[in-house]
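# Structure at a glance
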Amino acid sequence: MRLQFTENQRRMLNRLLDENGIAKAPDEIRPWTGDRSCAPLSFGQERLFYFDQLHPGSAAYHVCGALRLCGALDTDALQAAVHQLVVRHEVLRTGFTDGAGAPHQVVYSSEQSRVDIHQSDIDSDRVRDRVAELARTGFDLARPPLVRAELLRLRDSERPEWVLVLCVHHIVVDGWSLGLLIDELSETYAALHADRPPRLPELTVQYVDFAVWQRERLTEAILADQLNFWREELVDLPAGDLPTDRPRPARRSYAGDVVPFRVPPQVVSSLRGVADGIRATLFMVLLSALSVVLGRWANTPDVVIGTPLAGRQRSEFERVAGFFVNTIPLRIRFDDNQSFRELLANIREICTRAYTHQDVPFEQIINELQPDRDESGQTSLARHWIVLHNTQPPKFQLPDLECAVEPALVGSVRCDLSFQLVPCAEGGLDGWLEFSTELFDPPTAHRLATAFLTVLAAVAADPDVVVAELPVMPAEVLDELLRLSTIEIPVRQGAPDIAGRFEAHRDAAPDATAVIEPSGPITYRELEERANRVAHLLRARGIGVEDRVGVCLEGGADLAAALLGIYKVGAAYLPIHPGYPQARLTQLIAEGEPRLVITSAEPAGLFADHSVAVLPDDVEQYPVDRPPRAVPPVDATAYCLFTSGSTGRPKGVLGTYRGLLNRLDGMQQEYRITADDRVLQKAPIGFDVSLWEMLWPLTQGASAVSVRPGGHRDPDHLHEVVERHQVTVCHFVPSMWQEFVSGPTHACLRLLLSGGERTTVDLAEHILERYPDAVLYNQYGPTEAAIDVTAGRISAPSKDGVPIGRPVPGSRVHVLDDRLRPQPAGVPGELYIGGPQLARGYFDQPGQTADRFVPDPYAATPGERLYATGDRARLSPDGAIEFLGRSDSQVKISGNRVETGEVEAVLRNHPDVVRALVAVRAESEPVRLVAYVSGSTALTGPGLSRYLAERLPGPMVPAHVVVLDEWPLGPHNKVDTNALPDPEGWRAPVDDHVGPRNPLEQKVADIFSELLQREQVDVHDSFLELGGHSLLAIRAIARIRAACDVSLRIGEFFQAPDVASVARLIERRKPEPHVATAPIPRIDRS
Amino acid sequence: MADEQTYHVVLNEELQYSIWRADLAIPNGWRPEGTSGTREQCLAHIDEVWTDMRPLSLRRQMEQTERA
């Protein structure tokens, strides 16, 4: 469809091609003399026929259009005209059956296969629904006509008005044919109306003649040669899949919708200029631009875009209705650093090569190259299409009638995204993006269309722009994204330092309760006296700003006193958990280099070689009065928290006073606590949450309620403490929430915080259900920024997951690509953090710091830094951030990009599953997914595998599902992923061949080996892995039906695709037990 | 690709060091230090030269406090 020739030009071209031996066809195509009631199918028809076998009556390949007619309609003439078309075009009266072994087409007479226009009266507002209904109604391919026509008379219209709806199966038409048929319908109607013969050229050949000619011409050798070309062209396909709004369903409904767009005339004219400059076509420019967009979205400069070719290279077929069109998958690899013009030149070569190999049916390319299609028959080879229709839609003109083509009423799509463009009258291009509504929401489709237009506009302005620098978002969208990523600095809450804020509350209400320990309450006055003693001790030792002070205490008032004492002298708090193993303690002391370690009697012995102060003995000598002090510099270190480093050396993150204050102000601004609140202080020191659990209440005049040592992982103790002391605010990691929310509820709790790991939808729903009157927030923040950098209230979690919210006050959170550009909403990128809460870096590790804390291109003040989290996330259009896991949680399995979080989400939807985690086992080859779940006792690994297989595409289904009774927990109560058990039989050798073990397995194995052309088939080998594909599967099912009298559904077959499983399926299906043992003769259909 | 990428060692007014891809424009407030190379080379260089990791303004504030 890309090039338009006149009939003469085409004849000439054909002759030239023939003379040069390029077209290996006889000079002229003649009608086939064979039996037209048993004719072969063309390759394309065969593809659609098999698709229909997989999805009987599917509307995916319906072609539907509607015409609005106003005026004096001659319905008899219209009916007669339609009938004449059926007489004229054999294909409109052809049916398809699966006869002896191979499908064939049957041409019926025009009387046997009449198209009667069904007439009905209807209200205007019902037209759309009626058209959709007609478009959805399936055809039986064996029963022609595969054309449905309905004439709707609008009964509420003032003047005579009709809508003519035509719905045709793609197996008998293509886009070209439709234009042709509409054209001929106009002419025939006009002729009948004027009582003259229609002026239509005589048809010398029909579609059957094409099918026969195609099969004769495309010999094995030619096909093999073309397939070789495609094999090389499509070698090592990228995993690159566009991020979708929803996981790809295991079974597709092919529901779709359309977003219109328009390329302005001046842009089109510049683009034509760019194309002409290097002998390319407008189509190639559009294709180049689309590949840039898809490459950016999928984060890979390597994409495959399908495009249909008219398939009517021979002039004889120009006036023949039928399914000629063929799709070719254009593989486009580009270098980000080349200019657009270079990309275009490259694409010109790609297209030219592809056009000369366009005969091989698309289906054969898929079968040859991608046998690992999933059960719905989807292939990743043709997910995105572009079509440039080279002519305007045909004008439908009937005498005495105003005619208008109704806007496209697409209810279904055959691929994920299809960019369609057609020239419009003013010289621009009218476009519409058809998209799968199973995968994408309309705003996403709109963003993609806008990205396409943005690239086109940028290229029109400067075709030499470097591809990587092409914008995919208009400037205003980019500004909006940057605006969304920043929240204003919170209002200062009181004194400019933490100690000062505490002191202000102590002075205002000295007898208020500061800390409630299991042993009893401590007032603000008492607490400050203890803190002052610590401060005096530190001063006496000459400890001040930037000096680290180790604190090895469990919690409670001692910890509060130590922390406040440290902050009174402006020093840095270095928490060391007393429960750590000796080796870890030694390492932290060596790495953190504290000047002094404050501890209590028991762990004191652990620090033999270090300067130690034991509470309370070593501070008793110091006075309780407030020591003189100055406000510490805001950039001074407030705390040093260790995180594990990839090198094995722990990294000490230096948090600043500025960051800590900013977060405390932000929490107060958003959540607001008063002197009446009681905050649970349970997090072990070393976990950044423990900082605010203590400091937030103490800087607001509220009380911190501490738990007994180790109490943070004892739900019974937590329940008791919360109830006894009427706690109002608490934070847990999701693992603990899971436990906690299953126990008794507490009316006193009003603010619930969750964070530290992913909060699931189920958990959020459960918490809200148990605490309908409380407020629940989800929070996120790496240690490298003060505690939390995003937070979001959860009120009604959607099924799609719980976002981590929006940036907290003062923080900036960006989702960026590898050039640090904002990703469009919905497109995953790496999460970067900026703003006052940023840590200074890693203590004494300049290289590591420089690696992760990078220059900030979006800072309001120059010279600021961003922390690269290594976490993947994407922005939803409202600015909420969706956490997608660590960058390394994304894996490529069988060439498909898999996000483990998606698999987890599906597992959690299982009614019996309470928790689920999907781990990537990269040490195995190929990489495998292992799912770990816990929940009701009814759960079994195989049962869950089946559950997943029914819901997810093959590559996303974990190789193993392990049911756990208990989760291994790390020190902070998070799941310790390294301690998860290996699945049973993990390393079992799989190379032991297991041949068929009974007659039934033997039968199935015979069928498999014959179809797959293998000498022996192991009973555990997957049909798909051995090279089976959907067509072969259909044949296998047919053979099984013949041999065993059992009909398997294609879906069942794909879910149990090895000999053993198929044999079991057959066994289960046998209607009568005695049949199973009766020998059934195998029918040889070869 | 990332391994072949060339980076510049850059630093800001606070004398904090970082690295930046050589093919991208250096953000405001940062200047090249003079060293370029692979990521590893640049980070190794920073390990050598960034000896006082306190921001410059903090160093000055601390010096003033000491003098006072």
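I will try to describe carefully the structure that is included in this document. (Residues numbered from 1 in each chain as written. Chains lettered and ligands numbered in written order. Predicted model: local features only at pLDDT ≥ 70, side-chain atom pairs only at ≥ 80, totals over all residues. Heavy atoms only, no water.)

## Quick look at the overall build of chain B
Put simply, the test is: Helix and strand labels come from DSSP, where a helix needs a run of H or I of at least four residues and a strand needs a run of E of at least two; each type is numbered from the N terminus. Note on contacts: a residue pair qualifies if any of its non-hydrogen atoms lie within 4.5 Å across the two residues. The Shrake-Rupley method, run with a 1.4 Å probe, gives the accessible areas here. Residue values count only the displayed protein chains as cover.
Within chain B, the regular secondary structure consists of 2 helices and 3 strands. Listing every helix and strand of chain B by position from the N terminus yields β-β-β-α-α. Long-range contacts, defined here as pairs at least 24 residues apart, represent 42% of the contacts in chain B between residues at least 6 apart. Put simply, chain B shows about 4000 Å² of open surface, and 47% of that area lies on carbon and sulfur atoms.

## Section: the overall build of chain A
As a reminder, the rule being used: Here's how the labels work: a residue is buried when its accessible area is under 20% of the maximum for its type, exposed when over 50%, partly exposed in between, all with a 1.4 Å probe on protein chains only.
A tally of helices and strands in chain A yields 30 helices and 39 strands. Within chain A, the fraction of its 1086 residues that count as buried is 60%. Pairs at least 24 residues apart make up 71% of the contacts formed inside chain A by residues separated by at least 6 positions. In the form shown here, chain A has an accessible surface area of approximately 43700 Å², with 50% of it arising from carbon and sulfur atoms.

## Some thoughts on the pairing of strand β10 (residues 384–388) of chain A
Within a regular strand, the side chains alternate between the two sheet faces. Residues and elements named next belong to chain A. Counted only if it meets this: By the convention used here, strands pair only if DSSP detects at least 2 bridges between them.
Burial of β10 is extensive: 5 of the 5 residues sit out of reach of the surface. Because side chains alternate across β10, one face comprises the buried residues His-384, Ile-386 and Leu-388, and the other comprises Trp-385 and Val-387, equally buried. Relative to strand β12 (residues 417–423), β10 is paired through 5 bridges, and the arrangement is parallel. Each residue of the ladder has a partner; that of Leu-388, found in β12, is Leu-421.

## Things to note about helix α16 (residues 556–568) of chain A
Turn by turn, an α-helix covers 3.6 residues, leaving residues three or four places apart pointing in a common direction. Residue and element names in this part refer to chain A. For clarity, the cut-off: To estimate how far a helix should extend, the number of its residues minus one is multiplied by 1.5 Å.
End to end, α16 covers 18 Å across 13 residues, agreeing with the expected 18 Å (1.5 Å per residue, within 8%). Most of α16 is tucked away, with 12 of its 13 residues classed as buried. Residues of α16 that are buried include every one of Gly-556, Ala-557, Leu-559, Ala-560, Ala-561, Ala-562, Leu-563, Leu-564, Gly-565, Ile-566, Tyr-567 and Lys-568, and no others. Looking at the residues trailing α16, positive phi occurs at Gly-570, about 70°.

## A look at the pattern of salt bridges
Residues and elements named next belong to chain A. Operational definition: One side-chain nitrogen of Lys or Arg within 4 Å of one carboxyl oxygen of Asp or Glu is enough to make a salt bridge.
Counting across every chain of the model gives 61 salt bridges over all chains. Between Asp-635 and Arg-658 there is a salt bridge; the shortest N-O distance is 3.1 Å. Here Arg-658 lies in helix α18 (residues 657–671) and Asp-635 lies in the loop between β19 (612–615) and β20 (637–643), a separation of 23 residues in the sequence. Shared partners join several salt bridges into a network, and the residues in it are Asp-497, Glu-503, Arg-506, Asp-507, Glu-528, Lys-568, Arg-626 and Arg-629.

## What to know about the nonpolar core
Residues and elements named next belong to chain A. Put simply, the test is: Think of a nonpolar core as a cluster: buried Ala, Val, Leu, Ile, Met, Phe, Trp, Tyr and Cys residues, connected wherever their side-chain atoms sit within 4.5 Å.
Counting residues in each nonpolar core, the largest one holds 97 residues, and the members touching the most others are Leu-527, Tyr-567, Tyr-573 and Leu-698. Looking at which element gives the most residues to this core, the answer is α16, with 9 residues. If we ignore the near neighbours within four places in the chain, the residues touching Leu-527 are Phe-502, Ala-514, Val-515, Ile-522, Ala-557, Ala-560, Ala-561, Leu-564 and Leu-698. Core analysis: the second largest hydrophobic core is formed by 80 residues, Ile-347, Leu-421, Leu-433 and Leu-439 among them.

## Things to note about the packing of α16(A) against helix α19 (residues 689–698) of chain A
Residue and element names in this part refer to chain A. Rules: As a rule, the C-alpha atoms of each element are fitted with a line to give its axis, helices using only the stretch in contact, and angles between N-to-C directions run from 0 to 180 degrees. Orientation labels follow simple angle bins: below 35 degrees gives roughly parallel, above 145 gives roughly antiparallel, 65 to 115 gives roughly perpendicular, and whatever is left gives oblique. Under the scheme applied here, ten amino acids are nonpolar (Ala, Val, Leu, Ile, Met, Phe, Trp, Tyr, Cys and Pro), four are charged (Asp, Glu, Lys and Arg), and all others, including Gly, are polar.
It is the contact of α16 with α19, at a shortest axis distance of 11 Å, that shows an interaxial angle of 75°. By the angle between their directions, the pair α16 and α19 is classed as roughly perpendicular. Across from Gly-556, Leu-559, Ala-560, Leu-563, Leu-564 and Tyr-567 in α16, the residues of α19 making contact are Leu-691, Met-694, Leu-695 and Leu-698. Tallied by class, the residues present in the contact of α16 with α19 amount to 9 nonpolar, 1 polar and no charged.

## A closer look at the interface of chain B and chain A
Note the threshold: By convention, the term buried area covers the 1.4 Å-probe accessible surface removed from two parts as they join, with the contributions of both added. A 3.5 Å cut-off defines polar contacts: any pair of N or O atoms within that distance qualifies, except that in protein one atom must be a possible hydrogen donor and the other a possible acceptor, and neighbouring residues in sequence count only when both atoms are side-chain atoms.
Facing the 26 residues of chain B at the interface are 26 residues of chain A. If you sort the residues of chain B by the area they bury against chain A, Trp20(B), Met53(B) and Leu58(B) come out on top, with a joint share of 22%. Applying the counting criterion to the chain B and chain A interface returns 2 salt bridges. Where Asp851(A) meets Arg39(B), a salt bridge forms, and the shortest distance between an N and an O atom there is 2.8 Å. For the pair chain B and chain A, the number of links is 8 residue pairs in polar contact (both at pLDDT 80 or more). Where the side of chain B that touches chain A is concerned, the elements lending two or more residues are β1 (7–12), β2 (17–21), α1 (39–49) and α2 (56–67) of chain B.

## With respect to the environment of Tyr254(A)
All names here are of chain A. Here Tyr-254 shows up in the loop between α7 (220–233) and β7 (256–263). Look at Tyr-254 and you get buried, because its relative accessible area is 8%. Here the alpha-carbon distance between Tyr-254 and Cys-415, two residues 161 residues apart in the chain, equals 7.9 Å.

## Some remarks on the sheet that holds strand β39 (residues 960–963) of chain A
Residues and elements named next belong to chain A. With mixed pairing, 3 strands are arranged side by side in an open sheet as β37-β38-β39. Bordering the open sheet on either side are β37 (913–921) and β39, each of which pairs with just one other strand. Each adjacent strand pair in this sheet contributes to an overall mean axis angle of 20°, direction not counted. In this structure, strand β38 (residues 928–935) lies alongside β39, joined through 4 bridges in parallel fashion. The residue bridging Ala-931 from the neighbouring strand is Val-961, located in β39. Across the face of the sheet, helix α24 (residues 900–908) comes into contact with β37 and β38 while running at roughly 155° to β37. Helix-sheet contacts for helix α25 (residues 941–951) involve β37, β38 and β39, and the interaxial angle to β39 is about 130°.

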